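# Descriptive structure summary
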Protein chains: 6
Amino acid sequence: MAEPVPVPADPPQFAVADAVQRALAEDLTPLGDLTSALLPPDQTASAVFVSRADGVLAGRACAVEAFRQIDPSLEIAWSAVDGGRVRPGSEIATVRGRLAPILTAERTALNFLGHLSGIATLTREFVERAHRASGGRTRVWDTRKTTPGLRSLEKAAVRAGGGANHRGNLSDWVLVKDNHVALLGIVEAAARARAMWPGRMVHVECDAVEQVRVALDAGVDAILLDNMAIPEIEKCVALARKAERRPLLEVSGGVTLDTIATFAATGVDLISVGALTNSAPVLDIGLDIVI
Amino acid sequence: MAEPVPVPADPPQFAVADAVQRALAEDLTPLGDLTSALLPPDQTASAVFVSRADGVLAGRACAVEAFRQIDPSLEIAWSAVDGGRVRPGSEIATVRGRLAPILTAERTALNFLGHLSGIATLTREFVERAHRASGGRTRVWDTRKTTPGLRSLEKAAVRAGGGANHRGNLSDWVLVKDNHVALLGIVEAAARARAMWPGRMVHVECDAVEQVRVALDAGVDAILLDNMAIPEIEKCVALARKAERRPLLEVSGGVTLDTIATFAATGVDLISVGALTNSAPVLDIGLDIVI
Amino acid sequence: MAEPVPVPADPPQFAVADAVQRALAEDLTPLGDLTSALLPPDQTASAVFVSRADGVLAGRACAVEAFRQIDPSLEIAWSAVDGGRVRPGSEIATVRGRLAPILTAERTALNFLGHLSGIATLTREFVERAHRASGGRTRVWDTRKTTPGLRSLEKAAVRAGGGANHRGNLSDWVLVKDNHVALLGIVEAAARARAMWPGRMVHVECDAVEQVRVALDAGVDAILLDNMAIPEIEKCVALARKAERRPLLEVSGGVTLDTIATFAATGVDLISVGALTNSAPVLDIGLDIVI
Amino acid sequence: MAEPVPVPADPPQFAVADAVQRALAEDLTPLGDLTSALLPPDQTASAVFVSRADGVLAGRACAVEAFRQIDPSLEIAWSAVDGGRVRPGSEIATVRGRLAPILTAERTALNFLGHLSGIATLTREFVERAHRASGGRTRVWDTRKTTPGLRSLEKAAVRAGGGANHRGNLSDWVLVKDNHVALLGIVEAAARARAMWPGRMVHVECDAVEQVRVALDAGVDAILLDNMAIPEIEKCVALARKAERRPLLEVSGGVTLDTIATFAATGVDLISVGALTNSAPVLDIGLDIVI
Amino acid sequence: MAEPVPVPADPPQFAVADAVQRALAEDLTPLGDLTSALLPPDQTASAVFVSRADGVLAGRACAVEAFRQIDPSLEIAWSAVDGGRVRPGSEIATVRGRLAPILTAERTALNFLGHLSGIATLTREFVERAHRASGGRTRVWDTRKTTPGLRSLEKAAVRAGGGANHRGNLSDWVLVKDNHVALLGIVEAAARARAMWPGRMVHVECDAVEQVRVALDAGVDAILLDNMAIPEIEKCVALARKAERRPLLEVSGGVTLDTIATFAATGVDLISVGALTNSAPVLDIGLDIVI
Amino acid sequence: MAEPVPVPADPPQFAVADAVQRALAEDLTPLGDLTSALLPPDQTASAVFVSRADGVLAGRACAVEAFRQIDPSLEIAWSAVDGGRVRPGSEIATVRGRLAPILTAERTALNFLGHLSGIATLTREFVERAHRASGGRTRVWDTRKTTPGLRSLEKAAVRAGGGANHRGNLSDWVLVKDNHVALLGIVEAAARARAMWPGRMVHVECDAVEQVRVALDAGVDAILLDNMAIPEIEKCVALARKAERRPLLEVSGGVTLDTIATFAATGVDLISVGALTNSAPVLDIGLDIVI
C-alpha cells in the first residue's frame, strides 16, 4: 500500500494577493514599521526560514507575496515545496536584500506560513491514519468550518496536506441536512434539488440507517453519515454496496486522530474533519537573520 | 485575591462588518446558497446557539452582523455576553425569523463565534493560572501572531478572555529585537527611538542578564526577557526592582499552560503567549433549530 | 404536459449591493447628478416602471437597491415578480418620494431591470421550445459566457427565465474539454479528477460517438456533446440509455431559437446556450413619472 | 466621401484592471480552476485568438490584463488592433506559455473580447449607415444605457466602432428632460443650469417643434429631438440653421439599423442609439490551442 | 446688485460614505478607541458643534455619516445648513446619545467639517470680491487642484461657498493647454476635439492676445487667459465681445484675495482659483460636550 | 546648536498605492483623459518638476506611483529627496517617456507633491523656531487633525519636515482629555488605563497647574498642557523637574509661527500644532514639459 501522494494546487493568486494586502495593512496602519525605521536604510541581510518542528509545508505563495508587496527587489530562494515534509532545523527558504523590509514583512510571512502549514500538518496526520486503516480507500476532506476570510488559502493547505476539499461553499452543491429533511423529507428534497439544480451532486445527511435506505432508494449521489456509531456505519456501507447506484459515503462527527482509524476501517469513502481548518495549531517556523 | 475581571472592548464596527462581508462572499459566490433555495421561502423558525463545551464567549458582534447582512429582519436575543463563561448546554442567543436566511448565515456566524470564543477560552486559562501564581500581579497578553486579516477581532477576543493587548501592530511602539540590537546596540537603538518617535514606549528584547543591565541603564520603558531560564528571570526582576526607573518586565518563549505558573511566580509584569491567537482550538458551539 | 415553472432564487444580497454601488459610482463621479440639482429639492413624485414589450421580469432586487442607496426614504411597491411575464403596458412597480433622487437612480435601476429581464426573456423562449419539443424532459441551462462582473445576477436572471444554471465557475466542478482530453485522454482525466476532487461531478466534452463510448465506460457523471450532428446525438442518447450508469447528456453548439426544438427532440437532458447571457437584447422598460 | 476613421482611445487602465480582477474572482472563488489542476504543471502551449465572424475588434487591454493577472509570464503577440476589422478565420493574437493558466484565463479574456467587440461591431454598422446617408455629416453616439459596472469599457468599445461618446455620466453635463421641463420650463431650466453649472453644455430634450423654437430662443447648446417623426425633424433642422447660434441637434428614439439612414438624411448632427451598449450580441471569437 | 446666492448641491452619498469609512478606519485600526473604552459604557451626553470663527459651513453630510457609522443610534439636530454663515459661538448641531461613540467619532467629524468649511469660507471671500467688482457678472470657480481622494466633497464645498465647479475631472471636457497647442496648434487641436468628442466644450488656454484671436476664429467654447496682465485681458474681453460667437472667458494665474477685484473688473466670465481647494486653512469648529 | 536633522521614514507602500489609485480614479472616471487622447500616441517628451517657491519636499513616493499606475514605462530621475530644501527654480525630478500619459498623471502627481510638501514646509518653519528658542530641546509634533484619508501620508510629510508624530490614531495610546477627567478624575482614569491597556503610554490633558500636580502624583507618562498661559506652563515645567518620574510635557493651543518660540522657551518637551496638517498651504511646484 503506497503512501498517499498529495497533489497540491495553489489557491487563486488574487486570493493570495488580497489576503496579504489586508494582513500588511492591519500590521502597518497608520505609521508603518516604527522600529525598522531606526535601521540604516542600506543595510542588507539574508534571512532563512527554518522549521522548528516536524510538519508539512503550506503557504509559500503567501510568503512570497508578503515580501513582494513590501519590497519587490527582495529575492527568495526556496528549498521546500508546499506539501513537502519539514523537520526541526529544515531550511525552507532564504530571502536576500535590504534588512528593513525583510523585518517589516517577517511576521506577516510567518503568520501565513505557520497557520497554513499547521493545517497541512494536521491534515497529513489524519490522512495517513485513514489511509493505513482503509488500505488507501478512505479519503479525508475538510469542511466549511474555515477561518473567516481565508477559505481559499486554507482549502489549498488541506490539499497540501494530502486531504481533499469538500464543498468549497454553499454555492457548490446541494447538501440536504437535518432541518431540510425535517421540512421536506429526503425524497422531496432530492427531487427539488434535481429540478432546481440539475447536474449538481445531491448529498444527504442521515443520522439513522433507516434514512440511509430512503436516500439510497432516492438515488442520491452522496450520503453523510452524521454522528453514527461504528456498527451502524458498517450497516450503511453494506447497504450501499448492494445499491444499484452506489453513492459516496461520508462520515462526520466525533472524528479525532484517535478514532479516525476505526471510522476508516468501515470502508466509507470520505471522512470530514472540521478540526483541519478550525483547530490546527500553528507549525512553528522561525526566521533566522544573518547580517 | 480576586478573580481577574475582563473589561472587554468591542472591535471597531467597520472591522466587524468588513470581515463578515468577506466571509459571506467566500461562502456564497457565485450562486448563493443552493440548498436553502429548496425551502419554502416563508417558512419561519427559531434557532438557538448552544455551547457544547466549557468556555468563554467572544464574537457576538460578528454573529449579529452575519445575520444582519443576510436578512436585516432577523431578530437576535442574547443570553450571554462576550467575556462570559458558557457550559455545555448553555444557551447563548436565539435568532428568530425566516428559516432560509438563518441557514444561509449559520456557518459564517458559527465560524466567527467558535474561532473567537476559542481564543477567549484559551486566554482565560492562561490568565487564571498567571493570576493565581502571581497573586494577581502578572498579566497575560497576546502577540502579533494573529490570523491574517482578523487582528482586530482576535485582539478583542483576547480582551474578552481577560488578557491584555500587546502592540496592536508595527506602528504602535518601538520593539527593539535581537537583530536591531546586533546592528545598533541597545543604547544607540533606544536613543534613536526616542529621537525619532518621541513619546512612544521603547521596548527592548534581551536574552541575557547582562543585556538587561544595559537596558536598565538606558532607561527603557519595557524589557522583553526572551527565552530566559527561571533563575535568570528572577535575577532580572531583582535588578529591575533596584533600578531608578522600573520598566515593565515581559517574559516570552516556552510559555505553555503547564509552565505559565512558574513564569508568573517570578514576579514579572507581563507574559506574552502567541498560542492565544495562533493555536487556540475552536470552541464547540452549535445552532439548534426549532421549526 | 405542464408549462415549465421557474423557481427563481435571488442572487446573494452582497452581490446586488456591490454591483449597484459600482453602477452608481460610475454614473455620479465626481460631481453627482448635475441636472437633478436644478430641481426644487422638496418636489415629490411617483414613478411607475412600465414594460414596453412582452417579456419576463428579472432584477427586482437591483432596482430596489439602486433607489435605496440613493435615498433610503423612497418607497417602492411591486406589482410583478421576478420570473413573471410582462406585456406592453404592464405596470411593474411604483416608486414614491422626492423627485430628484428618483431621477438620479432611474437610469441605473432601468439598466439592471432591462439587462436582466432581457436575459430572463430570452431564456424563457429557449426553455419553452425545449420543453415542448421534449415533452418536458430537456432543460436549458446557461454557460460561463456571462458579462464580466455580473455572473451572480445573470445566473439568477436565467433562473427567473426558467433556465437552470450550469457550472457557476471554474471552482464548481470538473469539465474535461478537448485540450485536456488531448493531453490526458478521457480515462486518465476522469481518474485524476476523482482522485483530486472526490465527490465532484466529472463532466467530459466529447465531439464524436467513439469518445462517448469511452466516457460511458469511464463512468463519468455528465457528457457534453459538442457540435455534434443530430443523428450522432441520437446515437449517443441510445448508448447512454444502455449504459449501466446513465450520465447526464448535454448538447452545446449551434443552438438557436430555430434549432433548439430539434436538439431537444433527441432526448438529451440539457442544452447549454451561451446566448442567454452574452447576446440577449435588453427588455424595453420605461419609467413614467407623475409629478 | 471618405470612410469614417475611428480614433479609439483606451479606457483608463485602472478600470480595466478592476473589471478583470472582479471577473476572475467570480470565476475562481473559492477553489480556483479545478480542471486545470489536473494538467501537468509544466506543459506549455500556444493559443490563438481567432475570429469566427465578421466584426470590429475591441477589448484588447482587457484580454491582456486577464492573462497578466493569472500568470505574468505569459506572452501575448497581437495581429489586430482595437477598431480594426476581423473576418471569420482572422488571427487576432497569440498567447504563449504554460497551458494551465492559459486555460484558466481563457473564458474571462473571451468574455471581454466578445462583449466589447460585439459593441464595436454593432456600432460600426450604425456609424457606416449614418455616414453614407448624411455624406459624413451625422455622427452616431452612445447613451448611458450601458451594462452596470462596464461603462468605461463599453464607451471605449463604442469609440473603437467609430461612434462617439454622449455624456459619460450624470456628472458630465446638464440634460434637461421632459420631467425637468414639466416642472421648470425650458427657459428657466436653461437659466438655472447656466447659473449653477457655468461652462457646461446645456442640452434640452424636446418632443415638439414648438419646444425647439423655445430652446433655440433660449440659446441652448444642444437639442435632443426625442421620438419625433422625420418631417418634424426636418423642420427642426431648418429652424436651427436659421438660428443665430446653431446648437447641436440630436435624434433619439426608434433608431434601428433599418431606420438610421432616414434619420441621418435629415441633416441632424448626432443620433443616439441605446442598443449599441445594451443589445449588441457578442462577437464570436474562439481560442485555438496548440500544444 | 444682489448678494450671490449659493445653491449648494450635496456630493453623491457613496462618496461621503466611502470617505468617512476610510477616515474612521485610519483612526481606529487595529484596536479601536483605547481611551473611550475606559468610560462607563452607558454614560450618555449631548455634544454641541460650535464655530470658533467667522465662516461658511460645509460638510454636514460627512459629519452625519461619521456618527452613523460609529453608532446609528446617535441623534443629530442641525441648526445650520451647508452654505450658511457661522460666527464665533454659533451652534451648528447637537448630537445626543452614548458618550463613548460620540468621542470616538468626534475628531473624524470635526476633520471633515473643518476642512470643508474652510474651503467654503475661503471660496465665499473670493466670490464676494469678484461679485462686487464685476457687478455680479464674474463668477469664481475651482480647479482640479484638489486634495487627493476628496474631489467630490471639496467641489461640493466650493458650491456651498458660492463658487462654481470647473471641470470635475479629465473626463469632463477638452481643455487644450500650452503643450497641446505647441504640438497641434489651436486650430488643429479644436478640430480634433470636435471630431473625437462631439458635444463637449472645447476650452483653450491662451497666454497671448494673438492666440486669443486664433481661438476666437476657431470658434472655441471657452478661452482660458493664463497669467495675462490686466491690459491684455481687457483687450481679449473686447475682442470676444466683437466675436460672432462669444466664448466664455476665464482668467487664471496670480489671483489672490488682493488681486481678484482687479481681474473681475475686466469683465471676464470666470476666474479660477486653485487655492480654494489646496490652500484653504481649516475653519475652527469645536465640539462642546455636556455630560 | 546644530540644525535639526529630519530622518524621514516613508509611509507604507500600500497606503501610497491606494491613495494614488483613488486620486486617479476620481480624475479619470468614466472616460479617461479626453484631451490627451488628441495627441499623437507616440509623441515622447521629458518633463521636469520645478519648485516655484522655497520649501521642503515631501511626497516623492506618491508622484512615482502616479506615473507608474498610468504608464509603467515612464522613467523618473530625482534630484531632490523628501525632507530636502527646494528653492524657486530647483529641479526636483525629470520624467521621460510618452507625452500623453505624462499629461494624464501630471495633476495627480502635482496634487500630492504640492500638498505634502506644503505640510513639510510649514512643519520645518515651526520646527526651526522651536529648536532655536529651546536650544534644541523642544520638539514639534502633529495631531490627529489630518485630512481624511491621508493620515499616513501627511504624518510622513511631517517627519520629512523634521517634526515628530503624535498618536497615529485612537488605537495608539491613551489620551485622557477633559471629558474623561470630568467623568473619572485623573487618578481613576490613569488607573483604568493601566489596567486595561498595560504598557501603553498614559497621557493626560490638564488645563490648570493643580491638575498637573495630580497627574504627576499619579505617575502618568505624559501631560498635555492645554491652552495654558506661559507663566503657568513654566510652573508646570518646574513641578515636573522635581517629580520623581519626569513625564513628557506637551503644550497645545494657541501655537502659531509667531508664538511658538515663547512656548518653546519654557522648556517643554513637545509642542503640538494642528495647523501642520490641516492648514498648510500648498507648496507651488510646476511641471515644465520639453517636447
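Residues numbered from 1 in each chain as written. Chains lettered and ligands numbered in written order. Predicted model: local features only at pLDDT ≥ 70, side-chain atom pairs only at ≥ 80, totals over all residues. Heavy atoms only, no water.

### Points about the overall build of chain A
Across its full length, chain A carries 10 helices and 12 strands. By principal-axis analysis of the C-alpha atoms, chain A measures approximately 75 × 40 × 25 Å. The proportion of buried residues among the 291 residues of chain A is 66%. If you take every contact in chain A between residues at least 6 apart in sequence, the share linking residues at least 24 apart comes to 74%. For chain A, the accessible area works out to roughly 9,700 Å², and carbon and sulfur atoms hold 50% of it. (Helix = DSSP H or I, 4+ residues; strand = E, 2+ residues; numbered from the N terminus. Buried < 20%, exposed > 50% of the residue type's maximum accessible area, 1.4 Å probe, protein only. Contact = heavy atoms within 4.5 Å. Areas by Shrake-Rupley, 256 points an atom, 1.4 Å probe, with all protein chains shown as cover.)

### Quick word on helix H6 (residues 186-196) of chain D
Residues that lie three or four places apart on an α-helix share one face, since the helix turns once every 3.6 residues. All names here are of chain D. Residues Ile-186, Ala-189, Ala-190, Ala-193 and Met-196 constitute the buried set of H6. Projected down its long axis, H6 carries its buried residues within an arc of 140°, all on one side. Looking at the buried positions of H6, the neighbouring elements they touch are strand S7 (174-176), helix H5 (178-184), strand S8 (202-206) and helix H7 (209-217). (Arc of directions from axis to C-beta.)

### Points about the interface of chain B and chain C
Every contact between the two is made by 10 residues of chain B and, on the other side, 11 residues of chain C. Both faces combined, the contact of chain B with chain C buries some 770 Å², and carbon together with sulfur accounts for 68% of it. At the boundary of chain B with chain C, the tally comes to 0 salt bridges. Where chain B meets chain C, there are 1 residue pair in polar contact (both at pLDDT 80 or more). Tallying contributions element by element places helix H1 (residues 13-28) of chain B first for the side of chain B that touches chain C, with 4 residues. Here the side of chain B that touches chain C is built from residues that sort into 6 nonpolar, 4 polar and no charged. (Buried area = accessible area lost by both parts, 1.4 Å probe. Salt bridge = Lys/Arg side-chain N within 4 Å of Asp/Glu carboxyl O. Polar contact = N/O pair within 3.5 Å; in protein donor to acceptor, adjacent residues only side chain to side chain. Nonpolar A, V, L, I, M, F, W, Y, C, P; charged D, E, K, R; others polar.)

### Here's the deal with the relation of the copies chain E and chain F
Each copy of the sequence occupies a distinct position, and chain E is placed on chain F by a rotation of 180° and an axial shift of 0.0 Å, giving an RMSD of 0.0 Å. Both chain copies can therefore be described as sitting about a two-fold axis. Counting the interface residues of chain E, we find that 100% of their copies in chain F are interface residues as well, pointing to one common contact surface. (Least-squares fit on C-alpha atoms with pLDDT ≥ 70 in both.)

### Considerations on the relation of the copies chain B and chain C
In the superposition of chain B on chain C (RMSD 0.0 Å, axial shift 0.0 Å), the rotation amounts to 120°. Taken together, the turn and the small shift mark the pair as related by a three-fold rotation axis. The C-alpha atom lying nearest the rotation axis in chain B is that of Asp-18 of chain B; the distance is 7.5 Å.

### So, unusual backbone geometry
With an omega of 0°, the peptide bond between Thr-29 of chain C and Pro-30 of chain C qualifies as cis. Relative to the elements of secondary structure, Pro-30 of chain C occurs in the loop between helix H1 (13-28) and strand S1 (44-51). At Asn-227 of chain D, a position not held by glycine, the phi torsion is positive, near 55°.

### Section: the interface of chain E and chain F
Taken together, the contacts link 60 residues of chain E with 60 residues of chain F. A salt bridge links Arg-151 of chain F to Asp-27 of chain E; the nearest nitrogen and oxygen atoms lie 2.9 Å apart. Between the two partners, chain E and chain F, sit 36 residue pairs in polar contact (both at pLDDT 80 or more). Counting only elements with at least two residues in the side of chain E that touches chain F, the list comes to helix H1 (13-28), helix H3 (99-134), strand S7 (174-176), helix H5 (178-184) and helix H6 (186-196) of chain E. In terms of residue count, the dominant contributor to the side of chain E that touches chain F is H3 of chain E (7 residues). Considered class by class, the residues forming the side of chain E that touches chain F number 30 nonpolar, 17 polar and 13 charged.

### A few points about the pattern of salt bridges
Using the criterion set out here, one finds 96 salt bridges over all chains in the structure. Across the pair Arg-144 of chain D and Asp-27 of chain C runs a salt bridge, and its minimum N-O distance is 2.6 Å. Within this pair, whereas Arg-144 of chain D is found in the loop between strand S6 (139-141) and helix H4 (151-160), its partner Asp-27 of chain C is found in helix H1, the two belonging to separate chains. With a relative accessible area of 9%, Arg-144 of chain D lands in the buried category. In the salt-bridge network here, residues are joined through shared partners; they are Asp-27 of chain A together with Arg-144 and Arg-151 of chain B.

### Thoughts on the packing of helix H2 (residues 60-70) of chain A against helix H3 (residues 99-134) of chain A
Residue and element names in this part refer to chain A. Taken N-terminus to C-terminus, the directions of H2 and H3 make an angle of 165°; their axes are 8 Å apart at the nearest point. In terms of orientation, H2 and H3 fall into the roughly antiparallel class. For the pair H2 and H3, the sense of crossing is right-handed. Residues Arg-60, Cys-62, Ala-63, Ala-66, Phe-67 and Ile-70 of H2 touch H3, and the partners they reach there are Pro-101, Ile-102, Thr-104, Ala-105, Glu-106, Thr-108, Ala-109, Phe-112, Leu-113 and Leu-116. (Axes fitted to C-alpha atoms, helices over the stretch in contact; angles between N-to-C directions. Parallel < 35°, antiparallel > 145°, perpendicular 65-115°, else oblique. Left-handed = near helix turned anticlockwise from the far one by under 90°.)

### Quick look at the nonpolar core
Counting 191 residues, the largest nonpolar core has Phe-49 of chain C together with Phe-49 of chain D as its most contacted members. Setting aside residues up to four positions removed in sequence, Phe-49 of chain D forms contacts with Phe-67, Ser-90, Glu-91, Ile-92, Ala-93, Val-95, Ala-109, Leu-110, Leu-113, Ile-285, Gly-286 and Leu-287 of chain D. (Core = buried A, V, L, I, M, F, W, Y, C linked by side-chain atoms within 4.5 Å.)

### Some remarks on the packing of aromatic side chains
Residue and element names in this part refer to chain F. For the coordinates displayed, the defined rule picks out 12 aromatic pairs over all chains. With centroids separated by 5.9 Å and ring planes inclined at 70°, the aromatic side chains of Phe-49 and Phe-67 adopt a geometry described as edge-to-face. With Phe-49 in strand S1 (residues 44-51) and Phe-67 in helix H2 (residues 60-70), the pair connects residues that are 18 residues apart, well separated along the chain. Overall, the relative accessible area of 1% leaves Phe-49 in the buried class. (Phe/Tyr/Trp six-rings, centres within 6.5 Å; stacked < 30°, edge-to-face > 60°.)

### Describing the sheet that holds strand S3 (residues 75-78) of chain C
Residue and element names in this part refer to chain C. Taking strand neighbours across the sheet as the criterion, the 4 strands line up as S3-S5-S1-S12 in an open arrangement whose pairing is antiparallel. At either end of the open sheet lies a strand with only one pairing partner, and these are S3 and strand S12 (285-290). Neighbouring strand axes in the sheet, compared pairwise and without regard to direction, differ in orientation by 20° on average. Bridge count for S1 against S12 is 6 bridges, and the pairing is antiparallel. Across the sheet, Val-50 pairs through a bridge with Gly-286, a residue of S12. Along the sheet, helix H2 (residues 60-70) contacts S1, S3 and strand S5 (91-98); its crossing angle with S3, the most-contacted strand, is approximately 165°. Against the sheet, helix H3 (residues 99-134) engages S1, S5 and S12, with an angle of about 160° to S12. (Pairing = 2+ DSSP bridges.)

### Focus on the sheet that holds strand S9 (residues 222-226) of chain E
Paired through their backbone hydrogen bonds, the strands of a sheet run either parallel or antiparallel. All names here are of chain E. Ordered by their spatial adjacency, 6 strands build an open sheet running S6-S11-S10-S9-S8-S7, and the pairing between neighbours is parallel. A strand with exactly one partner marks an edge of an open sheet, and here the two such strands are strand S6 (139-141) and S7. Each strand axis lies, on average, 25° off the axis of its neighbour in the sheet, ignoring direction. The sheet contact formed by S7 and strand S8 (residues 202-206) spans 3 bridges and is parallel. Among the inter-strand pairings, Val-174 is bridged to a residue of S8, identified as Val-202. Of the strands in this sheet, S7 and S8 touch H6, which is tilted by about 160° from S8.

### Notes on H2 of chain F
Within H2 of chain F, the full set of buried residues consists of Cys-62, Ala-63, Glu-65, Ala-66 and Phe-67 of chain F. Where H2 of chain F is buried, its residues contact helix H1 (13-28), S1, strand S3 (75-78), strand S5 (91-98), helix H3 (99-134) and helix H4 (151-160) of chain F.

### Thoughts on the packing of H1 of chain E against helix H2 (residues 60-70) of chain E
Packed helices, taken two at a time, are described by the angle their axes make and the gap between the axes. Residue and element names in this part refer to chain E. Between H1 and H2, whose axes approach to 9 Å, the crossing angle comes to 55°. When the axes of H1 and H2 are compared, the pair comes out oblique. For the crossing formed where H1 meets H2, the hand is right-handed. Counting all contacts with H1, which are made through Gln-13, Val-16, Ala-17, Val-20, Gln-21, Leu-24 and Leu-28, the residues of H2 involved are Ala-61, Cys-62, Glu-65, Ala-66, Gln-69 and Ile-70.

### What to know about the pairing of strand S1 (residues 44-51) of chain D
All names here are of chain D. Counting buried residues along S1, 7 of its 8 residues qualify, which places the element largely inside the surrounding structure. Inspection of the sheet shows S1 paired to strand S5 (residues 91-98) by 7 bridges, in the antiparallel sense. In the strand pairing of S5, Ala-45 is matched with Gly-97.

### Some thoughts on the environment of Ile-186 of chain E
Residue and element names in this part refer to chain E. As for its placement among the helices and strands, Ile-186 is situated in helix H6. Once the C-alpha coordinates of Ile-186 and Asp-226 are considered, the two residues, 40 residues apart in sequence, prove to be 15 Å apart. Excluding residues that lie within four positions of it along the chain, Ile-186 makes contacts with Val-181, Val-204, Cys-206, Gln-211, Val-214 and Ala-215.

### What to know about the domain arrangement of chain A
Residue and element names in this part refer to chain A. If you check the domain split of chain A, you get domain 1 (13-126 + 280-290) and domain 2 (133-276). On a C-alpha basis, the centroid separation for the pair domain 1 and domain 2 is 35 Å. Listed per partner, the contact involves 20 residues of domain 1 and 19 residues of domain 2. Put simply, domain 1 and domain 2 have 0 salt bridges between them. For the side of domain 1 that touches domain 2, the secondary structure elements donating two or more residues are helix H1 (13-28) and H3. Here the residues of the side of domain 1 that touches domain 2 sort into 14 nonpolar, 3 polar and 3 charged. (Domains from an automatic or database assignment.)

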